[in-house]
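One-letter residues, chain by chain:
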Amino acid sequence: MFHPFIQGEQARSIVDEGTGLGLAISHQFVSLMGGDLSVTSSLGAGSCFKFSVPVEQAQACVKTPLVEKAKVTSLAPNQPTYRILVVDDQPDNCSFLTKLLGIVGFEAQAVYSGEAAISKWLDWHPHLIWMDIRMDGQDGYETTEQIKADSSAPTPVIVALTAFAFEEDKEKALALGFDDFVRKPFQESEIFEKLATHLGIEYLYDGEGPLQPEVLSPLTSEQLEFIEREQLQHLYDAALSLDPNRTAHLLAELPTGHEGIRKQLLSLSDNFRFDIIIQLIEPLVGSSVQ
């Protein structure tokens, strides 16, 4: 039960979410802390997962101010037009990343299969490809191998952008031709750093040097009233599913002019405080909550 598994075709046709890695990752985390994760289960009654870890009282430490990386606002002037291709069989994932890249100034396009990625590469010659690994049909491994072996068009940088979380997945990807590896869910800064590393890109930022942490008041439900009811319902469902990746995609679609609120909600999601997000939204969606 605690080993990674891949869903069969019948299961994937019913539920297309989940990687089969959750319990395996949890088991590794508990083991790294010197503990044990166990399960008891009764037919028709359910399952109970328990873990124990050795702990001791922490010593007081000196508090240090939080340091955030300056936010990228645009490409620096006098640079080429960079073509970036996003390959993922989940359209929502593609939409979020292409929109992020487009705002900064990249020319970004998306395709939803390995076969389409090869066709777009031959036709469009992207400088860099963000490649998902697990896709229906031809997966990212096979697609990358074909592109790297074909000399009929300029060879792009290919970076794996995947939910595969283990170190052996990274080693396999690099061995099969990927130039780099980023795990989902990702931070915006990771995307821009990888692009700078592989393409030598320079950016303009909203400030120079470390940013002083911004002290913000806790959010209230009234502050979310600008969000359409349907968007709130989708955000509520994502929070119930404990899905930070889907939550980030939904927050990227919020109306402009509310960046501070979006950042606070994203911070809650990144820190798995979905309980707070749910509490904020419930008064606004009322009877539509199931």
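The notes below deal with the structure included here. All figures in this text were calculated on a predicted structure; none of them were measured in a lab. (Residues numbered from 1 in each chain as written. Predicted model: local features only at pLDDT ≥ 70, side-chain atom pairs only at ≥ 80, totals over all residues. Heavy atoms only, no water.)

### Regarding unusual backbone geometry
Note the cis peptide between Lys 184 and Pro 185, where omega equals -10 degrees. Topologically, Pro 185 is positioned in the loop between strand S8 (180-183) and helix H7 (188-199). Backbone geometry places His 125, a non-glycine residue, at a positive phi of 55 degrees. With respect to the helices and strands, His 125 occurs in the loop between helix H4 (114-124) and strand S6 (128-131). A positive phi angle, near 55 degrees, is found at Leu 242, a position not held by glycine. Along the chain, Leu 242 turns up in the loop between helix H8 (229-240) and helix H9 (244-252). Exposure remark for Leu 242: the relative accessible area of 55% places this residue in the exposed category. (Helix = DSSP H or I, 4+ residues; strand = E, 2+ residues; numbered from the N terminus. Buried < 20%, exposed > 50% of the residue type's maximum accessible area, 1.4 Å probe, protein only.)

### Observations concerning the sheet that holds S8
Reading across from one edge, S5-S4-S6-S7-S8 is the order of the five strands in this open sheet, with parallel pairing throughout. The outermost strands of the open sheet, each flanked by one partner alone, are strand S5 (107-111) and S8. Between one strand axis and the next, the sheet turns by 20 degrees as a mean value, whatever way the strands run. Alignment of S6 against strand S7 (residues 157-162), held across four bridges, turns out to be parallel. Directly across from Met 131, in S7, lies its bridge partner Ala 160. H4 contacts strand S4 (83-87) and S5 of the sheet and is inclined by roughly 150 degrees relative to S5. (Pairing = 2+ DSSP bridges. Axes fitted to C-alpha atoms, helices over the stretch in contact; angles between N-to-C directions. Contact = heavy atoms within 4.5 Å.)

### Focus: the packing of aromatic side chains
The tally for this structure, following the rule as stated, stands at five aromatic pairs. Note on Phe 96 and Phe 186: the rings are 6.0 Å apart at their centroids and 40 degrees apart in plane angle, and the pair reads as tilted. With Phe 96 in helix H3 (residues 91-104) and Phe 186 in the loop between S8 and H7, the pair connects residues that are 90 residues apart, well separated along the chain. Centroid distance Phe 192 to Tyr 203: 5.5 Å. Interplanar angle 65 degrees. Geometry classified as edge-to-face. Of this pair, Phe 192 sits in helix H7 while Tyr 203 sits in strand S9 (residues 203-205); the two residues are eleven residues apart in sequence, bridging distant segments of the chain. Put simply, the rings of Phe 192, Tyr 203 and Tyr 205 pair up and form one aromatic cluster. (Phe/Tyr/Trp six-rings, centres within 6.5 Å; stacked < 30°, edge-to-face > 60°.)

### Considerations on the pairing of S4
Counting buried positions along S4 gives four out of five residues, so the element sits mostly inside the fold. In the sheet, S4 pairs with S5 via five bridges, with the strands oriented parallel. Counted as the bridge partner of Leu 85 is Gln 109 from S5. Once the chain exits S4 it traverses H3 before rejoining the sheet at S5, and the crossover so formed is right-handed. By the bridge criterion, four bridges tie S4 to S6 in an arrangement that is parallel. Bridge assignment links Leu 85 to a residue of S6, and that residue is Ile 129. (Right-handed = clockwise from strand over helix to strand, strands pointing away.)

### What to know about the side chain of Thr 144
Take Thr 144: it is sitting in helix H5 (residues 140-149). Thr 144 sits in the buried class, given a relative accessible area of 0%. Of the polar contacts made by the side chain of Thr 144, one reaches the backbone oxygen of Gly 140; its length is 2.9 Å. (Polar contact = N/O pair within 3.5 Å; in protein donor to acceptor, adjacent residues only side chain to side chain.)

### Side note on the packing of H3 against H9
Between H3 and H9, the least distance of the axes is 10 Å, while the angle of their chain directions is 50 degrees. Accordingly, the angle class assigned to the pair H3 and H9 is oblique. For the pair H3 and H9, the sense of crossing is left-handed. Two secondary-structure elements touch here, H3 through Asp 92, Asn 93 and Phe 96 and H9 through Asn 245, Ala 248, His 249 and Ala 252. Here the residues of the contact of H3 with H9 are counted per class, giving three nonpolar, three polar and one charged. (Parallel < 35°, antiparallel > 145°, perpendicular 65-115°, else oblique. Left-handed = near helix turned anticlockwise from the far one by under 90°. Nonpolar A, V, L, I, M, F, W, Y, C, P; charged D, E, K, R; others polar.)

### Remarks on the pairing of S6
What you see with S6 is no split at all: Leu 128 and Trp 130 on one side and Ile 129 and Met 131 on the other are buried throughout. Since S6 and S7 lie parallel, the crossover through H5 that links them has a hand, and here it is right-handed.

### A word on a nonpolar patch on the surface
On the surface, Met 1, Leu 23 and Phe 49 cluster together into a nonpolar patch covering about 300 Å² of accessible area. Relative to the helices and strands, Leu 23 resides in helix H2 (residues 22-32). In this structure Leu 23 comes out as partly exposed when scored by relative accessible area, which is 32%. (Patch = residues over 30% accessible without salt bridge, like charges linked within 9 Å, V, L, I, M, F, W, Y side chains within 5 Å. Areas by Shrake-Rupley, 256 points an atom, 1.4 Å probe, with all protein chains shown as cover. Salt bridge = Lys/Arg side-chain N within 4 Å of Asp/Glu carboxyl O.)

The values reported here are purely geometric and, on their own, carry no functional implication.
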